[in-house]
Amino acid sequence: MSHLTSILFVLAITLIILGIPSGADVNKTYYNGYSFDPELVPSGMIPYEPGWSHGSLFSAPNWLLAQIDQNLMSTVLDRGVTPTPTPVIGSDAYDTHISEGLAALEGGNYRAAFTAFQAATALKPDSSDAWYGLGIALESQKRFLSALDAYTKAISYAKGASSNWASYAGKGRVLYSLNRFAEAKAALETAIEQYEKAGVSHPDELGEISRLLEELNQRSIIQNPVPMSAYIPPVVSGV
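Residues numbered from 1 in each chain as written. Predicted model: local features only at pLDDT ≥ 70, side-chain atom pairs only at ≥ 80, totals over all residues. Heavy atoms only, no water.

1. Topic: the overall build of the chain
Consideration 1: When helices and strands are counted, the chain shows 10 helices and 4 strands.
Consideration 2: Taken from N to C terminus, the helices and strands of the chain fall in the order α-β-β-β-β-α-α-α-α-α-α-α-α-α.
Consideration 3: The proportion of buried residues among the 239 residues of the chain is 29%.
Consideration 4: Taking as baseline every contact in the chain between residues at least 6 positions apart, the subset at least 24 positions apart corresponds to 45%.
Consideration 5: If you sum the accessible surface of the chain, you get close to 15600 Å²; carbon and sulfur atoms cover 58% of it. (Helix = DSSP H or I, 4+ residues; strand = E, 2+ residues; numbered from the N terminus. Buried < 20%, exposed > 50% of the residue type's maximum accessible area, 1.4 Å probe, protein only. Contact = heavy atoms within 4.5 Å. Areas by Shrake-Rupley, 256 points an atom, 1.4 Å probe, with all protein chains shown as cover.)

Next up, the structure:
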C-alpha cells in the first residue's frame, strides 16, 4: 500500500468514526421515504442522494455480501437500525427438542411436550418421530382433531412398519374418541398388521389395540343386530 493510499485510508476511517458526512446534506430522505438524522448511518456506509452506499473505498467483496443475513440487511437499509441477527440453530437442537418432549410426556406435562415436539417439527417437518410425539401430546390434552392430523402426518413420513404401526394405533384411538368407529377399526387393524410386519415386541400396546378392536366389534354387533327372519314356519299338528 503506497503512502498516499495509506493517508486516504486513515482519513476515510477518521471521517466515518467522527460521523462527518462526505458531501452530504444534513436533511436526507433515505429509502422508503424515511428521514433520519445524518449521524444515524450504519457503520461502513455513507449517505448520498438516493440512499446509502458502501462507499467508494470500502466496496465489500461478493463472497462477503453473500454471507450477510438478508433479513437484517433489508432492515438496516430501510430504517437505519440494527436488529438482532437471526439466531443460528445448532445441529443438535432437534434432538434436544425430542428429548425434552419425551421427558415432558413421562412427567405428565403435556403442554411442555406439545411445545417441544412442535419445535422439533418446525426444524424437521418430515420427521415421523416428531409428529408422532406431537400427536401423543395433543391426544393427551383431548385435542383429538389436531392429534388426528399429527398422527396422519407421522404415517405419511414414516419409513416403514417399524415406525408407523404406533401412529396407526394413535390414529385409531383418536378416531374412536371422535365416534368415527368404522375409520377407527380400519386404522387399528392396520396397526396390528404393521406391528406384525415390524417384528417388534410391545405386548402392552398390542393388548390395548386388541382391546379397542374388541370394543368396536361388540359395538358393531349391538348397533347392527342380526335381523330376525320374516319366515314363519307352518304349525305342524298331529293327525
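2. Here's the deal with helix α6 (residues 128–140)
Because each turn of an α-helix spans 3.6 residues, side chains separated by three or four positions end up pointing in the same direction.
Consideration 1: The first and last C-alpha atoms of α6 sit 18 Å apart over 13 residues, in line with the 18 Å expected at 1.5 Å per residue.
Consideration 2: Looking at α6, one finds that the buried residues are S128, A130, W131, G133, L134, G135, A137, L138 and E139.
Consideration 3: Within two residues after α6, K142 carries a phi angle of roughly 60°, on the positive side. (Expected span 1.5 Å × (residues − 1).)

3. Considering the packing of aromatic side chains
Consideration 1: Applying the stated rule across the entire model yields 3 aromatic pairs.
Consideration 2: Their ring planes at 50° and their centres at 5.9 Å tell us that Y132 and Y151 sit as a pair that is tilted. Remark: Y151 occurs in helix α7 (residues 144–157) and Y132 occurs in helix α6; sequence separation between them is 19 residues.
Consideration 3: The class of Y151 is buried, set by a relative accessible area of 0%.
Consideration 4: Judged by centre distance (5.0 Å) and plane angle (85°), the ring pair of W165 and Y195 falls under edge-to-face. Remark: Y195 occurs in helix α9 (residues 181–198) and W165 occurs in helix α8 (residues 161–177); sequence separation between them is 30 residues. Like W165, the residue Y195 is buried in the burial classification.
Consideration 5: The lysine or arginine in question, K124, covers the ring of Y94, its NZ or CZ lying 4.3 Å from the ring centre. (Phe/Tyr/Trp six-rings, centres within 6.5 Å; stacked < 30°, edge-to-face > 60°. Lys NZ or Arg CZ within 6 Å of the ring centre and 35° of its normal.)

4. What about the packing of α8 against α9?
Consideration 1: Two elements in contact, α8 and α9, have axes separated by 8 Å at closest approach and are oriented at 160°. Classified by the angle between their axes, α8 and α9 sit roughly antiparallel to one another. Seen along the crossing, α8 lies across α9 with a hand that is left-handed. Only F181, E183, A184, A187, L188, T190, A191, Q194, Y195, K197 and A198 of α9 make contact with α8, whose side of the interface consists of A161, S162, N164, W165, Y168, A169, K171, G172, R173, L175 and Y176. (Axes fitted to C-alpha atoms, helices over the stretch in contact; angles between N-to-C directions. Parallel < 35°, antiparallel > 145°, perpendicular 65-115°, else oblique. Left-handed = near helix turned anticlockwise from the far one by under 90°.)

5. Overview of the packing of helix α4 (residues 93–106) against α6
Consideration 1: Across the interface, α4 lies against α6 with an axial gap of 11 Å and an inter-helix angle of 25°. With respect to α6, the axis of α4 lies roughly parallel. When the axes of α4 and α6 are compared, the crossing they make is left-handed. Contact residues: α4 offers Y94, I98 and L105, while α6 offers D129, A130, G133, I136 and A137.
Consideration 2: Its residues assigned to classes, the contact of α4 with α6 shows 6 nonpolar, 1 polar and 1 charged. (Nonpolar A, V, L, I, M, F, W, Y, C, P; charged D, E, K, R; others polar.)

6. Side note on the confidence of the model for the chain
Consideration 1: Residues of the chain with pLDDT of at least 70 account for 54%, and the chain-wide mean is 73.
Consideration 2: For residues 28–34, every residue scores under 50 in pLDDT, and the model assigns this stretch 21 contacts once sequence neighbours within four places are set aside.
Consideration 3: Segment residues 72–83 is flagged for pLDDT under 50; beyond a separation of four residues in sequence, or across chains, it makes 25 contacts in the model. (pLDDT = per-residue confidence, 0-100.)

7. Some remarks on the environment of A169
Consideration 1: Tracing the chain through its elements places A169 in helix α8.
Consideration 2: For the pair A169 and A184, spaced 15 residues apart in the sequence, the C-alpha separation amounts to 8.9 Å.
Consideration 3: Once residues within four sequence positions are removed from consideration, A169 is found in contact with L188, A191 and I209.

8. Focus: the pattern of salt bridges
Consideration 1: For the coordinates displayed, the defined rule picks out 5 salt bridges.
Consideration 2: The partner of R173 in a salt bridge is E139, with the nearest N and O atoms 2.9 Å apart. In this pair, R173 sits in helix α8 while E139 sits in helix α6, placing the two residues 34 residues apart along the sequence.
Consideration 3: Close ionic contact of K153 with D149 constitutes a salt bridge, the shortest N to O distance being 2.9 Å. Of this pair, K153 and D149 both sit in helix α7, 4 residues apart, which is roughly one turn of the helix.
Consideration 4: Among the charged side chains, a salt-bridge network with shared partners connects E208, R211 and E215. (Salt bridge = Lys/Arg side-chain N within 4 Å of Asp/Glu carboxyl O.)

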